[in-house]
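# Survey of secondary and tertiary structure
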Amino acid sequence: MPRRTGFSVFFALIVCLFLTTAPLSATPEETLEHVVSVLPVWPGHEQGGQGASPGTAPEGSGVVVRRGVIATAFHVVEPAERVDIRLSDGRVLPARLIAGDAASDIALLSVETDLVPFEISPAPGLAQPACAIGNAFGLGLSVTCGVVSAVGVTNAGFNAVEDFVQTDAAANPGSSGGALVDAQGRLIGMMSAIFASGADANIGVNFAVSAKLLMRVTDALLADGKVEYLSADWRLGSADNAQLAKVAAPVVGTVRAGGKAHAAGIETGDLILEIGSRRTRTPRDALTALALLPPQTTVVDVGVLRGGAEKTVSLSFVEPTRQPDLDVQKNSDPDCPHPSAVCALRQAVFPVSSFDPVGSATRIASDLLVTNRHVVGNRKDATVHTPGGSKTAKVVPSAFRGDLVLLKVDGLPEDGQILDPASARPAEGPYYAIGADIARREVRVFEPGELILAPAEGADLGRLHVRARMQPGVSGGALVDGDGDLAGIAVGGGDGRYEAIPVAAIQLLLQQRESPEATRMTNRLGINFAACATAIDSVLAGERQEEALGQLSKTCKASSNHGQLLEAGRLLAQAGDFDAAISLHGQASDQVPNSINSRMSLLVSLQLATRFEDMTDHARWLLKAAPDDPQALRFSIQSGVWGGDPELAEAGYRALLKADPRQAQAARRFIDSAPPAPRRR
């Protein structure tokens with residue numbers, strides 16, 4: 001199954017420990033007849049069930065949704081040259097791929113036998129008993145049981161379109177496409193993804209595509225061979241903390257001229273409270289609410305909050321008459337629906353290739369670019385991709401110790417944009433990241449976001465923490481405000497929290513070119529970075545694990561690269577070396593004190609080591625820094641209960657009650673009837 005790895009996933013490894021579940025009554029054996037094992041043939045791999053050791057060949061599961069039609073996970077069959085299925089009675093039959101939808105990770109197979117489809121369950125409730133049925137590790141169909149942990153999950157980060165039912169019923173590789181059923185054997189959803197460590201082990205945080213989304217996609221794929229999701233022609237953003245103190249709802253950032261939202265009377269700044277009968281708290285909630293609407297929907301009611309007053313508008317999906325003279329966008333370029341001053345700065349950012357094959361670099365002078373050290377590594381040069389062709393840039397030595405590197409390159413466009421860090425003024429947001437989009441093969445402006453936290457006072461390597469979206473390839477690109485002023489250099493992040501190195505650091509980078517230590521420092525940092533990267537690759541490849549883990553701790557501590565500290569710590573924790581993991585994650589948190597992502601990584605390492613008392617100070621900081629983040633609040637509750645700080649637990653519960661009342665119910669039970677704390681490891 002897909003798994004979240006790297007620091008953005010490592011945060012959530014063991015954090016959902018609140019629910020204690022009663023045994024579920026056995027699912028009727030007949031239910032197995034509605035589930036199959038999926039045996040794809042991937043290029044260069046053996047087929048599952050044909051003599052390969054269990055867990056070594058690509059395998060999955062499937063659920064019968066129509067007579068002779070099986071739904072499975074798209075990622076299981078997408079690379080396949082051929083697909084077979086194995087029925088619960090052991091028969092193996094050939095299957096044909098009908099169609100697939102990557103956005104929801106759903107694919108349909110047809111098979112020449114009369115398979116009976118599942119009965120669909122009513123909408124599940126929290127703590128309702130549930131069982132997962134699937135071909136875990138290729139061992140054949142098996143049943144694991146638990147409860148429904150959450151419903152309507154839209155922010156797990158696996159798929160573009162998500163409507164997940166979360167469960168603690170165990171799921172493992174091979175379970176993808178399997179069934180999540182209720183006590184009567186009715187289909188709650190199709191197993192899709194798990195939060196897991198690098199070993200793919202189940203930790204009780206598993207996700208099934210809701211039956212509602214599954215059948216919506218199934219109907220579309222059977223009818224048209226593709227899925228078209230309805231759009232409101234708006235761009236939504238996350239509410240700031242001041243707004244979230246009143247109500248959680250996405251904010252309308254832009255409305256397309258003459259589009260559906262504009263025709264409905266929706267305005268920039270409106271809060272979208274609900275779409276149809278579905279409450280929306282985040283932009284992802286709104287996206288899912290629209291995705292669940294059947295394609296033939298002509299109109300839906302949308303609850304809007306404007307100026308403190310609630311109103312309901314009718315959002316019509318009948319294409320409105322275009323009004324080209326209307327201009328509700330600040331920029332006329334359809335590829336960049338952002339302020340003109342921001343869009344123009346795409347000329348100031350270039351794709352680059354070096355140690356990292358795809359990164360970005362920001363132009364700060366006629367012949368100078370700045371990028372991240374992790375883009376260049378230990379290389380002395382980089383290839384800069386310009387409209388006039390590729391050019392070679394040379395690394396300019398500097399004694400700056402952070403994750404920035406200067407590149408000197410001749411022949412950049414003379415009339416191009418330049419972001420001068422010396423003329424930058426304090427920015428208030430919203431912020432925009434500009435960088436290379438790998439899929440589109442272009443430099444683009446990404447969705448804006450507000451400031452989360454400024455660099456910590458006194459932190460030499462502190463960073464800006466923003467909600468402005470970034471993705472792989474953007475590292476080294478520009479973070480600018482709405483007026484087009486440079487705020488920092490993009491680094492990356494995840495889970496809606498992204499980081500950038502502030503302008504002040506660029507000025508230090510430039511100043512320290514003159515240091516006598518410039519060449520030595522540049523070489524040392526590059527060598528240490530490359531050594532840590534090699535150690536990480538060795539551990540991931542499973543090469544001489546004990547030796548590789550020893551090198552990992554030593555070399556990555558020396559590299560002092562923030563991203564590498566987080567990744568190496570995750571791998572060490574996964575291997576059971578909790579002290580080394582805590583040391584590296586502590587180093588990362590000391591380096592960038594206001595990084596929520598770093599603090600979560602440290603908390604997970606402490607949690608895995610069952611050092612709950614040591615968690616409390618960090619959890620208290622996180623409660624203050626991210627009072628609307630359920631994941632952060634769970635740390636406060638758990639460490640407060642098991643770390644001997646009941647006031648912290650209660651403070652976390654009160655915040656969770658506002659942020660996510662559904663999770664707060666489980667948290668209350670955990671606080672009131674907590675099991676004994678696990679023994680310290």
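Residues numbered from 1 in each chain as written. Predicted model: local features only at pLDDT ≥ 70, side-chain atom pairs only at ≥ 80, totals over all residues. Heavy atoms only, no water.

Taking an unreviewed UniProt entry as the reference, the protein is identified by name as Periplasmic serine endoprotease DegP belonging to Roseibium album.

## Here's the deal with the sheet that holds strand E26 (residues 431-437)
Taken together, the 7 strands give an open sheet; going across it, the order is E27-E26-E30-E31-E32-E29-E28, and neighbouring strands pair in antiparallel fashion. Lying at the two open borders of the sheet, with one neighbouring strand each, are strand E27 (442-445) and strand E28 (451-453). Within the sheet, the average angular offset between the axes of one strand and its neighbour, ignoring direction, is 35 degrees. Looking at chain direction, strand E30 (residues 478-481) and strand E31 (residues 486-494) are connected through 3 bridges and run antiparallel. Residue Leu-479 lies in a different strand from E31, and its bridge partner there is Gly-488. Here helix H9 (residues 503-511) sits on the sheet and contacts E31 and strand E32 (497-502); the angle it forms with E32, its principal contact strand, is near 40 degrees. (Pairing = 2+ DSSP bridges. Helix = DSSP H or I, 4+ residues; strand = E, 2+ residues; numbered from the N terminus. Axes fitted to C-alpha atoms, helices over the stretch in contact; angles between N-to-C directions. Contact = heavy atoms within 4.5 Å.)

## Looking at the environment of Gly-377
As for its placement among the helices and strands, Gly-377 is situated in the loop between helix H8 (373-376) and strand E23 (381-386). Sequence spacing of Gly-377 and Phe-355 is 22 residues, and the spatial spacing of their C-alpha atoms is 5.4 Å. In this structure Gly-377 touches Phe-355, Gly-526 and Phe-529, once residues within four positions along its chain are discounted.

## Some words on the state of the cysteines
This structure, assessed with the given rule, holds 3 disulfides. A disulfide bridge connects Cys-336 with Cys-343, and the sulfur atoms are separated by 2.0 Å. Here the S-S torsion is close to -90 degrees, and the disulfide linking Cys-336 with Cys-343 is therefore left-handed. Side by side, Cys-336 and Cys-343 carry an identical accessibility label, which is buried. (Disulfide = S-S within 2.5 Å. Buried < 20%, exposed > 50% of the residue type's maximum accessible area, 1.4 Å probe, protein only.)

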